[in-house]
Amino acid sequence: MSFEADKQTVPETAPQPVIIRPSRDSDIGAMLAIYRRHIRRGIEEGVEDSGTPEPDDLRDRRKNFRNHRLPHLVATRGGEVVGYAYVVLFRKRPAYRFAVKHSIYVHHEHLGRGIGGSLLQELIDACAAAGFRQMIGYIDADNAASLAIHEKFGFARVGLLPGIAYRYGHWADTVMVQRSLGAGSTEPPPLLSLGR
Ligand SMILES: CC(C)(COP(=O)(O)OP(=O)(O)OC[C@H]1O[C@@H](n2cnc3c(N)ncnc32)[C@H](O)[C@@H]1OP(=O)(O)O)[C@@H](O)C(=O)NCCC(=O)NCCS
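Residues numbered from 1 in each chain as written. Predicted model: local features only at pLDDT ≥ 70, side-chain atom pairs only at ≥ 80, totals over all residues. Heavy atoms only, no water.

Comments concerning the pattern of salt bridges
Counted by the stated rule, this structure contains two salt bridges. One salt bridge in this structure joins Arg21 and Asp27, with 2.9 Å as the shortest N-O distance. Residue Arg167 is joined to Asp140 by a salt bridge in which the shortest nitrogen-to-oxygen separation is 2.4 Å. Of this pair, Arg167 sits in strand S6 (residues 156-167) while Asp140 is found in strand S5 (residues 134-140), placing the two residues 27 residues apart along the sequence. (Salt bridge = Lys/Arg side-chain N within 4 Å of Asp/Glu carboxyl O. Helix = DSSP H or I, 4+ residues; strand = E, 2+ residues; numbered from the N terminus.)

Written out as structure tokens, the structure reads:
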């Protein structure tokens, strides 16, 4: 059988599954590329434009995430990183150790195909499994896609910070969203939980 005939047996449009897994150091370049592209398009998408991290910053942050058991995930399709999502502690003071603040970014060529939803669901599940009780997000008020995905995944709008950001020549509002995890605030945390 010829090579050409073999090739025809493989459907060209076979959809590649999206795999969500913990990030690795080797993913950093791809994550930065996704982030920088969104920053460049910040006017349209309302993404923060401050403090673009360098590869070393991201590597250090990943180490920190591992030490504090903070979920840091990537989505891959066909071996390519097509999105990522992670949390940091909402505040460093001990009383806030059950609350995390998250970020999520999907590659601009892979938007609207369910990747953000898969990442956010996995992030929610990973944070709940790690014992966190609240997730917080800050979203530019013009970022319709982010507002919609958070509403879809059970985040409530809990605050509006008017005129909090100045970028590209105008003041922008930020919406604060929150979702409880597990028992939320209906039960005290287990003793000695989260190792801190
Ligand atoms: C927000 C973002 C993560 C969504 O990722 P995505 O993979 O495109 O989203 P999905 O395809 O999984 O869609 C999930 C839900 O998001 C919402 N959504 C996604 N794109 C949308 C759009 N352009 N307009 C309105 N709602 C949208 C919908 O509710 C959608 O659910 P539905 O398909 O049942 O309608 C993505 O747009 C992104 O990376 N944006 C730039 C970075 C950013 O703004 N991050 C958030 C900072 S707070």
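There is more to say, and it comes next.
Focus on the site of the ligand
Around the ligand lies a shell of 21 residues, among which Gly112, Gly116, Gly117, Asn143 and Lys152 are the nearest. Backbone polar atom of Gly114 to an oxygen atom of the ligand: 2.8 Å apart, as the coordinates give it. Backbone polar atom of Gly117 to an oxygen atom of the ligand: 2.8 Å apart, as the coordinates give it. The fraction of the free accessible surface of the ligand (920 Å²) that becomes covered by protein chains is 70%. Here the shell around the ligand gets five residues from one element, more than from any other, and that element is helix H6 (residues 144-152). Among the residues making up the shell around the ligand, the classes are represented as 11 nonpolar, seven polar and three charged. (Near = heavy atom within 4 Å. Polar contact = N/O pair within 3.5 Å; in protein donor to acceptor, adjacent residues only side chain to side chain. Areas by Shrake-Rupley, 256 points an atom, 1.4 Å probe, with all protein chains shown as cover. Nonpolar A, V, L, I, M, F, W, Y, C, P; charged D, E, K, R; others polar.)

Points about the pairing of strand S7 (residues 170-180)
Across seven bridges, S5 lies against S7 in antiparallel orientation. Within S7, the position partnered with Ile139 by the bridge is Val175. Sheet topology places S6 next to S7; eight bridges connect them, and they run antiparallel. Bridge pairing in S7 links Leu160 to Val175. Counting the residues between successive antiparallel strands, the hairpin from S6 to S7 contains two residues, one of them, Tyr168, with a positive phi of roughly 50°. (Pairing = 2+ DSSP bridges.)

Regarding unusual backbone geometry
As a rule of thumb, non-glycine residues mostly have phi less than zero, and peptide bonds are mostly trans rather than cis. The phi torsion at Tyr168 lies on the positive side, around 50°, for a residue other than glycine. Considering the arrangement of structural elements, one finds Tyr168 in the loop between S6 and S7.

Thoughts on the environment of His68
You can see His68 is positioned in the loop between helix H4 (55-67) and strand S2 (72-77). According to the relative accessible area criterion, His68 is partly exposed, its value standing at 30%. Distance from His68 to Val88, taken between C-alpha atoms, is 9.2 Å for residues 20 residues apart in sequence. (Buried < 20%, exposed > 50% of the residue type's maximum accessible area, 1.4 Å probe, protein only.)

Quick notes on H6
Within H6 the residues assigned to the buried category are Ser146, Leu147 and His150. When H6 is viewed along its axis, its buried side chains cluster within an angular range of 100° and face the same direction. Counted as exposed and oriented over 90 degrees from the buried face of H6: Ala144, Ala145, Glu151 and Lys152. Where H6 is buried, its residues contact strand S4 (99-106), helix H5 (115-129), S5, S6 and S7. (Arc of directions from axis to C-beta. Contact = heavy atoms within 4.5 Å.)

Looking at the nonpolar core
Grouped together as the largest cluster of nonpolar side chains are 37 residues, with contacts concentrated most on Tyr84, Cys127 and Met135. For this core, the secondary structure elements donating two or more residues are helix H2 (28-40), H4, S2, strand S3 (80-89), S4, H5, S5 and S7. Ignoring sequence-local partners within four residues, the contact set of Met135 consists of Val87, Val100, His102, Leu123, Ile124, Cys127, Phe155, Val177, Gln178, Arg179 and Leu181. (Core = buried A, V, L, I, M, F, W, Y, C linked by side-chain atoms within 4.5 Å.)

Structural notes on the pairing of S3
In terms of residue burial, S3 counts as a mostly covered element, since seven of its 10 residues are buried. Relative to S3, S2 runs antiparallel, the two being bridged by six bridges. Considered in S3, the bridge of Thr76 is made with Val81. Between S2 and the antiparallel strand that follows it, S3, lie two residues; Gly78 among them carries a positive phi value of about 55°. The pairing of S3 with S4 spans seven bridges and is classified as antiparallel. Following the sheet pairing, Val88 is matched in S4 by Lys101.

Nothing here speaks to function; it is geometry throughout.
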